[in-house]
Amino acid sequence: MRRLAILAVMVLSASAALAQPPHHEWRTIETVHFRVHHPIEYEAWARHAATRLESVRSRVIIEVGFEAKEKVDVLVMDPVGLANGAAFPFLGWPRMVLFTNPPPPESSIGSNRDWIEMLTVHEEAHLIHILRPSRNPLRRALSSMLPLGPIAFTPRWVTEGYATVIEGDLTGSGRPHGDFRAAVLRRWAQLGRLPSYSQLHSDRRSWMGMSMAYLGGSAYLEWLRDQGGSDSLRHLWRRATARTGRSFTDAFEGVYGDSPGHLYGRFSAELTQKAMEVEEAVNPSLREGELWQDLTRTTDSPDVSPDGKQIVTVLRSLTRPARMVIWSTEPDEEAERQWQEKVRTTLEKDPEDVAPVRTKPLPRKPLHEWSGRSGAEPVSPRWMPDGKSVLFVRFDPDSEGVFRSDVHLWLPQEGRSRRLTGREDVRDADPSPDGKSAVAVRNRHGFSQLVRVDLETGEVDELTPAAIEPVHSSPRWSPDGSRIAWVSQREGAWRLMVRDLSSGEERELESMQETIVAQPEWSGDGRSIYAVVGQRGFIEIHRYDANEGNRVQITRSHGASLAPASTPDDSALFFLSLDVDGLDIRRLDLTRPLDPLPPIRIDARLSPAVPPPTPPRAPPFDVVDAGPSRPYGAGRQESLTLFGGNYTPSNRNMEIGLRLGDVVGRLDTIFVGALGDDGSERGAAVATSWRGWPVEVRGHLFRSDHDATRQPKRGAEDALVDLERTGGEIAAGWNRYARGLVVRLDGGLLFQRIEPGEGASFDQRILFTGGRYRWSSTLGALRFEQATSIRVEAGSTEDDDWRRGNISLTAGVGTRSNRLRYTLDRTTTRSAEHAIDDLSLGGTNSSIVPFSAISNRIIAPALPIGTRSGDEYRGDHLVITTAAFPLDLFYSRHDLWTRNEPRAETLDLAGVEARVAIEPFPIARIPAVELRFGAARILDDPFKGDEVFWLNMVWRP
């Protein structure tokens, strides 16, 4: 069960994020051990990766000590506009997903000499590491059902930490040699807040908790390697996959002599000691300004208004959507007065009480705040020159569901915003002093470039050519509008650049290979540029002479100083400060002279509180000719055995099937057979979907035998439910996306021959169409959702022509962890004279027959088919989801009656249910599947007081 849970989490967490439309023009580049699939626009980026993958593989094999023979399918895409990747170590058919968007230098993965190199090394390390199969015969046999090796089930800090170690060893850069890992681990240790061993695996509640598997996990593995010898990690992997079955803890103890939890305690103690030594060295020259606002989690770069009186940033929270806020930069005298008054009143009431010690500033009340109703977060806010509006960027889905970045304008006084560009993939926008244009970065199809955005028309013009290298970040306009400063990754290093806009001349200010330079900001007089510089594990703000290029360090902190924002009169510098609970805002007074900070020397032996000794520069990976790309076509058809079944009051059967499909998801076909007793559905079906066009086309052939008069729990005696069905369906579907909105239109034709027994048979034809939309919005901590689906059918059964309509309305409200949803279902049938066309309450969907074949069925898995029948239906359903309980709580009321006849009493039931719906996930060879399981108590006749359980699984291509 643990293995199944892990696989389910892997699929559910990844499927929503790995989405690039299969109808795009995909192509394939093939090497000896890789098939690299990519949309044609990504050809250059994909080729750059493909020509180096063989060399990456060879070096990873040497480092890990194992060679995986499988050929890897690699998907290149950029569905969310963020830097990321994924590895799926399925035995026999491994996958790798590469997102082309490069990270900015200030991020935890920004310390790299080349994004493609770091990404491919990390993901290939995952595959070579985890694809090592078990040498235990039983485990090998079981891997045919669940194609994952033993290492896939080790703690997350092991798999993510080890890939991070390899990333550092083979590139000489990456997180192990970067400043960010050292700054985080050092600061957390100094404050006694290193994660516990259980938190190292996964901690979603604390800030940076999920990143600790990479940062802390890699540092712990390096420490273990130092303790046990250079081959000790390879020995660990060999013991974990041995013929003798053993747990990860047993394998670990056999190499290191103690449990991983106990040794992690020793590692934490040593790291804390080293961090305190660094703190003592830093303390004499500490310069971190005053704490201006104590915040939590990730805060965006602040920006000071042109008059110096306001500051804007973006706040993020665990419980509510991101919000853009504006504060006054002036002291909050009213808040201070109220606090003093509260203390005075408290002491007057109890003179023996003691006034509280205040170490942090009072929370500031925003003058204005903005949160996108559709949930897309604002990023990179920058004041317009008028001081009345704010330029910012947000990521929204285009019509195909791919997230694109665009420039928006916020008008705080009017409480509204508007989009200025349309699907231009621009970010980091900074307005010109005249407010007519903005300089920005465009990352598109793996290329990076600087662009100028016309803020009136939204038109975008190139400033630099689009290229894989250099990568650009954080352009900033000089106060006089004559120059821009930005950082650019060239020849393996981040460099601070200045460009004269009139001549186009570019020059590089002082930089060094091992230095990270990020987030430049002009001083108010335009003579200096503040920038974040990372060096030897310390991330601080330096001031560059914009003309001469020499620099001087102006902050010194225990953690990191980030995102400088100068006031227009150069009297102060606001910046972000790294703390355990998040990024705080600090203020440094610049009206007093800043003495030069003395150099401090920290021995590399204090690693990982500082980076390890700088390794020799790793040689570049060999480039191998990969040959021309070829059209993807329908792709390689791969198979996966499917298992399913149903245990419900109306159906207890087992389903066995086969899925054929390609890794991109253009063509998906399933073959399913169902076996069961006389009261359960039996039959077979073949269904296929073609997604190589913008409109999805589906076909479904089936034969089904379901004698529901003998189902485990009996329904109404007069319902026509003993049926054999043979037929087919052809249908088409079309999806469109917008901000907070998903729309789908469907339509098709069904033909089926129905045999109710005793040699009788009749034909039925149904023409159907429908649509549904889902919309969501946020307001503060509350999330609102609404969904509507409509289905209209016209059919003929024997000589009976009929019509049927259904509408379903859902409304919900809640927070990220607790929700309340109400759904109203209304279905009506007109002119139906044949009993088969009446509405029938009870039963479930089926993998064998399409829904259009049983569209008269009111789905209710707790009830047997034919519990009630009629031609008018109303259903009311209330669902409560809470973080305190793993299943949804529900209450349902069913009202089914025959028009112009007395209405029966409603039928109510209450219970718990979990519903999991997964869209086709071709990377894992999984077709669409809906799983429902739950239990309920029936509150009304004919089954009043019965308690029922159900498990229902439906496969679709």
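Residues numbered from 1 in each chain as written. Predicted model: local features only at pLDDT ≥ 70, side-chain atom pairs only at ≥ 80, totals over all residues. Heavy atoms only, no water.

**Q** It is not clear to me how the overall build of the protein chain should be interpreted in this structure. Could you clarify?
**A** Helix and strand counts for the protein chain come out as 13 helices and 49 strands. Taking 30 Å as the expected radius of gyration for a compact globule of 957 residues, we find that the protein chain reaches 31 Å, a close match to that expectation. With the C-alpha coordinates of the protein chain rotated into their principal frame, the extents come out at 100 × 70 × 65 Å. Within the protein chain, the fraction of its 957 residues that count as buried is 55%. Considering only contacts in the protein chain between residues 6 or more positions apart, those separated by 24 or more positions represent 58%. When the accessible area of the protein chain is evaluated, it comes to approximately 40,200 Å², of which 52% is carbon and sulfur surface. For the protein chain, the separation between the mean place of its 118 positive charges and that of its 132 negative charges on side chains is 2 Å. (Helix = DSSP H or I, 4+ residues; strand = E, 2+ residues; numbered from the N terminus. Rg over C-alpha atoms; globule rule 2.2 N^0.38 Å. Buried < 20%, exposed > 50% of the residue type's maximum accessible area, 1.4 Å probe, protein only. Contact = heavy atoms within 4.5 Å. Areas by Shrake-Rupley, 256 points an atom, 1.4 Å probe, with all protein chains shown as cover. Lys, Arg positive; Asp, Glu negative; His and termini not counted. Charge placed at Lys NZ, Arg CZ, Asp CG, Glu CD.)

**Q** What am I meant to see in the sheet that holds strand 24 (residues 528–535) here?
**A** Strands pair in a sheet through their backbones, by hydrogen bonds, and they do so in one of two ways: parallel or antiparallel. If you trace the 4 strands from one edge of the open sheet to the other, you get 23-24-25-26, paired in antiparallel fashion. Every interior strand has two partners, whereas the edge strands, strand 23 (516–522) and strand 26 (551–553), have only one. The mean angle between the axes of side-by-side strands here comes to 30°, regardless of whether they run parallel or antiparallel. Here strand 24 pairs with strand 25 (residues 538–545) via 8 bridges, running antiparallel. Residue pairing across strands places Ala531 opposite His542, the latter belonging to strand 25. (Pairing = 2+ DSSP bridges. Axes fitted to C-alpha atoms, helices over the stretch in contact; angles between N-to-C directions.)

**Q** Sorry, what's going on with the nonpolar core here?
**A** In summary, soluble globular proteins display a tendency toward joint burial of nonpolar side chains. Grouped together as the largest cluster of nonpolar side chains are 148 residues, with contacts concentrated most on Val36, Trp45, Trp157, Trp188, Tyr220 and Leu224. Look past the residues within four positions of Leu224 in its chain and what remains in contact with it is Trp157, Gly229, Ser232, Phe252, Tyr256 and Leu263. (Core = buried A, V, L, I, M, F, W, Y, C linked by side-chain atoms within 4.5 Å.)

**Q** Mind showing me how you'd approach the sheet that holds strand 4 (residues 85–88) here?
**A** Reading across the sheet, the 6 strands line up as 4-5-3-2-1-30 and stay open at both edges, with mixed pairing between neighbours. Each edge of the open sheet is held by one strand with a lone partner, namely strand 4 and strand 30 (630–631). Bridging between strand 1 (residues 26–30) and strand 2 (residues 34–39) involves 5 bridges; their strand directions are antiparallel. If you follow Ile29 over to strand 2, its bridge partner there is Val36. Running over the sheet, helix 2 (residues 43–64) touches strand 1, strand 2, strand 3 (72–77) and strand 5 (95–99) and is turned about 165° from strand 2. Helix 3 (residues 115–130) rests against strand 2, strand 3, strand 4 and strand 5 of the sheet, and its axis sits at about 160° to strand 5.

**Q** I tried to follow the environment of Arg543 on my own but got confused; where do I start?
**A** Within the element layout of this structure, Arg543 appears in strand 25. For Arg543 and Tyr530, which are 13 residues apart along the polypeptide, the C-alpha to C-alpha distance reads 4.5 Å. Arg543 has contacts with Ser528, Ile529, Tyr530, Asn550, Arg551, Val552 and Ile554, leaving out every residue within four places of it along the chain.

**Q** It is not clear to me how the side chain of Ser680 should be interpreted in this structure. Could you clarify?
**A** If you trace the backbone, Ser680 turns up in the loop between strand 33 (667–676) and strand 34 (682–690). Within the local environment of Ser680, its side chain forms a polar contact with the backbone nitrogen of Arg652, the two atoms lying 2.8 Å apart. In this structure Ser680 touches Asn651, Arg652, Asn653, Asp705 and His706, once residues within four positions along its chain are discounted. (Polar contact = N/O pair within 3.5 Å; in protein donor to acceptor, adjacent residues only side chain to side chain.)

**Q** Sorry, what's going on with the packing of aromatic side chains here?
**A** Any pair of aromatic rings gets described here by the distance separating the centres and the angle formed by the planes. Overall, the coordinates contain 22 aromatic pairs when judged by the stated rule. Relative to Trp327, the ring of Trp292 has its centre 5.9 Å away and its plane inclined at 70°; by these criteria the two rings are edge-to-face. One end of the pair, Trp292, is in strand 6 (residues 290–293); the other, Trp327, is in strand 9 (residues 323–328), with 35 residues separating them in the sequence. Like Trp292, the residue Trp327 is buried in the burial classification. One aromatic cluster in this structure is built from Trp157, Tyr197, Tyr220, Trp223, Phe248, Phe252, Tyr256, Tyr264 and Phe267. Over the ring of Phe538 we find Arg186, and its NZ or CZ is 4.5 Å from the ring centre. (Phe/Tyr/Trp six-rings, centres within 6.5 Å; stacked < 30°, edge-to-face > 60°. Lys NZ or Arg CZ within 6 Å of the ring centre and 35° of its normal.)

**Q** Mind showing me how you'd approach the pattern of salt bridges here?
**A** Oppositely charged side chains are able to pair whenever their charged atoms sit close together. Taken as a whole and judged by the stated rule, the model has 70 salt bridges. Linking Arg382 and Asp430 is a salt bridge whose minimum nitrogen-to-oxygen distance equals 2.8 Å. With Arg382 in strand 11 (residues 378–383) and Asp430 in strand 15 (residues 426–431), the pair connects residues that are 48 residues apart, well separated along the chain. The same class applies to Arg382 as to Asp430, namely buried. A salt bridge links Arg703 to Glu724, with the nearest nitrogen and oxygen atoms 3.0 Å apart. Of this pair, Arg703 sits in strand 35 (residues 696–707) while Glu724 is found in strand 36 (residues 722–738), placing the two residues 21 residues apart along the sequence. Residue Arg703 is classed as partly exposed on the basis of its relative accessible area of 40%. Linked through salt bridges whose partners overlap, the residues forming this network are Arg659, Asp668, Arg691, Glu696, Arg698, Arg744, Asp746 and Arg772. (Salt bridge = Lys/Arg side-chain N within 4 Å of Asp/Glu carboxyl O.)

**Q** Just checking my understanding: could you explain the packing of helix 2 against helix 5 (residues 156–171) for this structure?
**A** When two helices pack together, you describe them by how their axes are tilted relative to each other and by the distance separating the axes. In the contact formed by helix 2 and helix 5, the axes pass within 11 Å of each other and the chain directions differ by 115°. Considering the relative orientation of helix 2 and helix 5, their crossing is right-handed. Contacts from Arg59, Val60, Glu63 and Val64 in helix 2 reach Tyr162, Ile166, Asp169 and Leu170 in helix 5. Partitioned by chemical class, the residues of the contact of helix 2 with helix 5 number 5 nonpolar, no polar and 3 charged. (Left-handed = near helix turned anticlockwise from the far one by under 90°. Nonpolar A, V, L, I, M, F, W, Y, C, P; charged D, E, K, R; others polar.)

**Q** Got a minute to help me understand the pairing of strand 38 (residues 760–779) in this structure?
**A** A regular strand carries its side chains on alternate faces of the sheet. Inspection of the sheet shows strand 38 paired to strand 39 (residues 782–797) by 16 bridges, in the antiparallel sense. When the bridges of strand 39 are listed, Tyr773 appears paired with Thr788. The antiparallel pairing of strand 38 with strand 39 creates a hairpin that spans 2 residues between the two strands, and Gly780 there sits at a positive phi of about 65°.

**Q** Teacher, can you tell me more about the side chain of Thr329 here?
**A** By the element assignment, Thr329 lies in the loop between strand 9 and helix 13 (333–349). A distance of 2.7 Å separates a polar side-chain atom of Thr329 from the backbone oxygen of Gly308. If near-sequence neighbours (up to four positions away) are discounted, Thr329 is found in contact with Trp292, Gly308, Lys309, Gln310, Ile311 and Phe574.

**Q** Mind showing me how you'd approach helix 12 (residues 260–282) here?
**A** Every α-helical turn comprises 3.6 residues, leaving residues that sit three or four positions apart pointing alike. Taking 1.5 Å per residue as the helical rise, helix 12 with its 23 residues ought to reach 33 Å, and the 32 Å between its terminal C-alpha atoms agrees with that figure. Where helix 12 is buried, its residues touch helix 5, helix 7 (179–190), helix 8 (197–201), helix 9 (212–228), helix 11 (248–256) and strand 25. (Expected span 1.5 Å × (residues − 1).)

**Q** What is the right way to look at helix 7 in this model?
**A** Here helix 7 spans 16 Å end to end across 12 residues, near enough to the 16 Å set by a 1.5 Å rise per residue. Here helix 7 lies mainly inside the structure; 12 of its 12 residues are buried. Turning to helix 7, its buried residues number three or more, namely Asp179, Phe180, Arg181, Ala182, Ala183, Val184, Leu185, Arg186, Arg187, Trp188, Ala189 and Gln190. Downstream of helix 7 by one or two residues, Gly192 has phi in the positive range, about 65°.

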